[in-house]
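Examination of the molecular architecture
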Amino acid sequence: MLNEIKNICCIGAGYVGGPSMAVIADKCPYLKVTVVDLDQTKINNWNDSNLEKLPVYEPGLKEIIKRRRGENLFFSTDINNVISSSDMIFLSVNTPTKTTGLGAGEASDLKYIESSARQVAKHARGETIVVEKSTIPVKTAETIQNILVTSKNKLDSNDNNKIFYVLSNPEFLAEGTAISDLYNPSRVLIGGDNEKAINCLHKIYSNWVPPEKIITTNIWSSELSKLTANAFLAQRVSSINSISALCEVTGANISEVSKAVGMDNRIGKEFLKPGPGFGGSCFKKDILNLIYISKFYGLSEVASYWKSVLELNSWQQERIAKIIVTKLFGNLSNKKIGILGFSFKANTNDTRESPAISICKDLLEEGANILIFDPKVSEEKIYNEFPNLASNKKLNLNSSKSVYESANGSDAIVILTDWEEFKDIDWSKVDNLMRSPSWIFDCRNIINNREIEKTNLNLWQLGNNS
Ligand code: NAD
Ligand code: UGA
């Protein structure tokens, strides 16, 4: 019943569903929170007594799971029964870009949202609040409401007590800092038109989020704000990356430029770190979605503005691969390249859209042997990102257990992820292990170049050729 939320269900036990529900369970011990998923292996891993097997790596997550699992936090594949006993249901399923049909390559594929909404329509009992947590196109709430009401009528015409309230509550956590972002969110956004339903969700967050940080809007503003926030963040990364290329040809230093620009309060210093381009499952797909919506409403100039953010991002990755080839005398065959970092950013095991994938592909095309080291990404996960490589070519792609194994006998080291441990590499040891002439490509600007100057290593740093 509204006002008395006791049982919460979250459909989708991924990077958002798992951590966000763990934090709700932690902060609201009076609630029973169950996270459900179709993927049995994933659920088994969430339930495994060995916490190293959790499907998501996030600093601080293991500790919460240890505290709450089996107390008021559960992971299950018994989706229908959990839906039936829930007062509030979060939809936290994946919303990838459509690969075929109308809007392919741009529009969001809502098949997972739609199928979970149908399941909710069928199995929910009484009054249920359905919360969109997934990132979705503007006006999706209308689709969800439509599915809930029409399927309910057809499936269960005798159950007149079934009532649904749809809210939008987009998630703003970033991977690698998910737990601290969830504990101290910059804001919690609730979009909707039913005051009672909004109050129920507001009450849950009020257990730990100060009231001034919980904002309510109409549902469409909430949906569009999420896409806009991601587009603005991605745009800043493309902006600074465009300037990194200009620094390399003019002799300016990107770290100095970034600092000088970011000290203007109106601009701010966050999201001005140059790198191999943004990765992650969301920036690209959310901007594609924005492009699709803009075109749909006839706003072609808006669409092309956002398209350029994506184009710059791909260009940055291509140009890094070209620079590596050029520095290694235009030839990579019979050369070994150690890649440091494969996740799309530090402190996560997520490799979706990681810039490392496209850069490694380009280097493999040139005939390089690649040895990848990432502190948190498994060998299996790395191979899964190269599904089209023939198995004989896979021999050119291996994973290693340490920085020094990747360096052993290699002609170049390429730093692609900003893992903390890459800041403390023993460069004289690396120098001894590598084949000469040896190159270090620091695509995250994390190396202290004075340490490199003490060795025979050649250093290329993104946006800094002075
Ligand atoms: P994910 O792929 O890690 O998890 C989604 C899960 O949903 C999968 O485990 C999948 O098996 C499950 N699923 C799909 N359909 C289902 C169904 N009908 N029933 C039960 N389970 C089903 O995705 P994610 O990274 O957690 O992202 C989820 C949503 O949150 C996306 O819309 C994304 O844009 C948004 N988002 C993601 C992040 C992030 O950092 N990853 C941050 C903010 C918002
Ligand atoms: C991003 C947003 O920051 C979250 O607010 C949002 O909820 C989430 O997307 C989502 O909707 O999925 P995330 O992708 O996890 O979070 O990570 P970010 O910290 O935003 O980094 C994205 C990419 O940009 C990474 O590849 C990162 O290395 C790169 N980046 C970021 C830079 O190259 N430079 C920067 O200054 C910042």
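Now for a description of the structure that goes with this document. It should be emphasised that the depicted structure is a prediction, and the values quoted were computed from it without experimental measurement. (Residues numbered from 1 in each chain as written. Chains lettered and ligands numbered in written order. Predicted model: local features only at pLDDT ≥ 70, side-chain atom pairs only at ≥ 80, totals over all residues. Heavy atoms only, no water.)

**Quick look at helix H11 (residues 283-296)**
Given 3.6 residues per turn, any residue in an α-helix points the same way as the ones three and four places further on. Spanning 14 residues, H11 covers 20 Å between terminal C-alpha atoms, matching the ideal 20 Å at 1.5 Å per step. With respect to burial, H11 is a largely interior element, 10 of its 14 residues being buried. Those residues of H11 lying buried are Phe283, Lys285, Asp286, Ile287, Leu288, Asn289, Leu290, Ile291, Ile293 and Ser294. The inward-facing, buried residues of H11 contact helix H9 (219-250) and helix H12 (300-327). With its phi angle positive at about 75°, Gly298 sits one or two positions after the end of H11. (Helix = DSSP H or I, 4+ residues; strand = E, 2+ residues; numbered from the N terminus. Expected span 1.5 Å × (residues − 1). Buried < 20%, exposed > 50% of the residue type's maximum accessible area, 1.4 Å probe, protein only. Contact = heavy atoms within 4.5 Å.)

**Some points on the site of ligand 2**
Surrounding ligand 2, one finds 19 residues, the nearest of these being Phe172, Leu173, Glu175, Lys226 and Cys282. Within the backbone of Leu272, an N or O atom sits 3.3 Å from an oxygen atom of ligand 2. Within the backbone of Phe344, a nitrogen or oxygen atom sits 2.9 Å from an oxygen atom of ligand 2. If ligand 2 stood free it would expose 690 Å²; the protein chains cover 89% of that surface. A per-element tally of the shell around ligand 2 places H9 first, with four residues. Here the shell around ligand 2 is built from residues that sort into 11 nonpolar, two polar and six charged. (Near = heavy atom within 4 Å. Polar contact = N/O pair within 3.5 Å; in protein donor to acceptor, adjacent residues only side chain to side chain. Areas by Shrake-Rupley, 256 points an atom, 1.4 Å probe, with all protein chains shown as cover. Nonpolar A, V, L, I, M, F, W, Y, C, P; charged D, E, K, R; others polar.)

**Side note on the packing of H12 against helix H13 (residues 355-365)**
Two elements in contact, H12 and H13, have axes whose closest approach is 9 Å; the angle formed by their N-to-C orientations is 40°. In terms of orientation, H12 lies oblique with respect to H13. Judged by the sense of rotation from one axis to the other, the crossing of H12 with H13 is right-handed. On H13, the residues that touch Gln317, Glu318, Ile320, Ala321, Ile324 and Val325 of H12 are Pro355, Ser358, Ile359, Asp362 and Leu363. Here the contact of H12 with H13 is built from residues that sort into seven nonpolar, two polar and two charged. (Axes fitted to C-alpha atoms, helices over the stretch in contact; angles between N-to-C directions. Parallel < 35°, antiparallel > 145°, perpendicular 65-115°, else oblique. Left-handed = near helix turned anticlockwise from the far one by under 90°.)

**Looking at the layout of surface pockets**
As a volume, the second largest pocket reaches approximately 350 Å³. Elements with a contribution of two residues or more to the lining of the second largest pocket: H11, H12 and H13. Tallied by class, the residues present in the lining of the second largest pocket amount to five nonpolar, seven polar and six charged. (1 Å grid on protein atoms, 1.4 Å probe; cavity = no way out; pocket = protein on both sides within 12 Å on 5 of 7 lines; lining within 4 Å. Points joined across faces, edges and corners; volume = space filled by probe spheres on them.)

**Looking at the sheet that holds strand E12 (residues 412-415)**
In space, the six strands of this open sheet follow the order E11-E10-E9-E12-E13-E14, with parallel pairing throughout. The outermost strands of the open sheet, each flanked by one partner alone, are strand E11 (397-399) and strand E14 (458-461). Strand-to-strand, the axes of this sheet are offset by a mean angle of 20°, without reference to chain direction. Pairing geometry for strand E13 (residues 439-442) and E14, over four bridges, is parallel. If you follow Phe441 over to E14, its bridge partner there is Trp460. Here H13 sits on the sheet in contact with strand E9 (336-340), strand E10 (369-373) and E11, set at roughly 155° to E10. (Pairing = 2+ DSSP bridges.)

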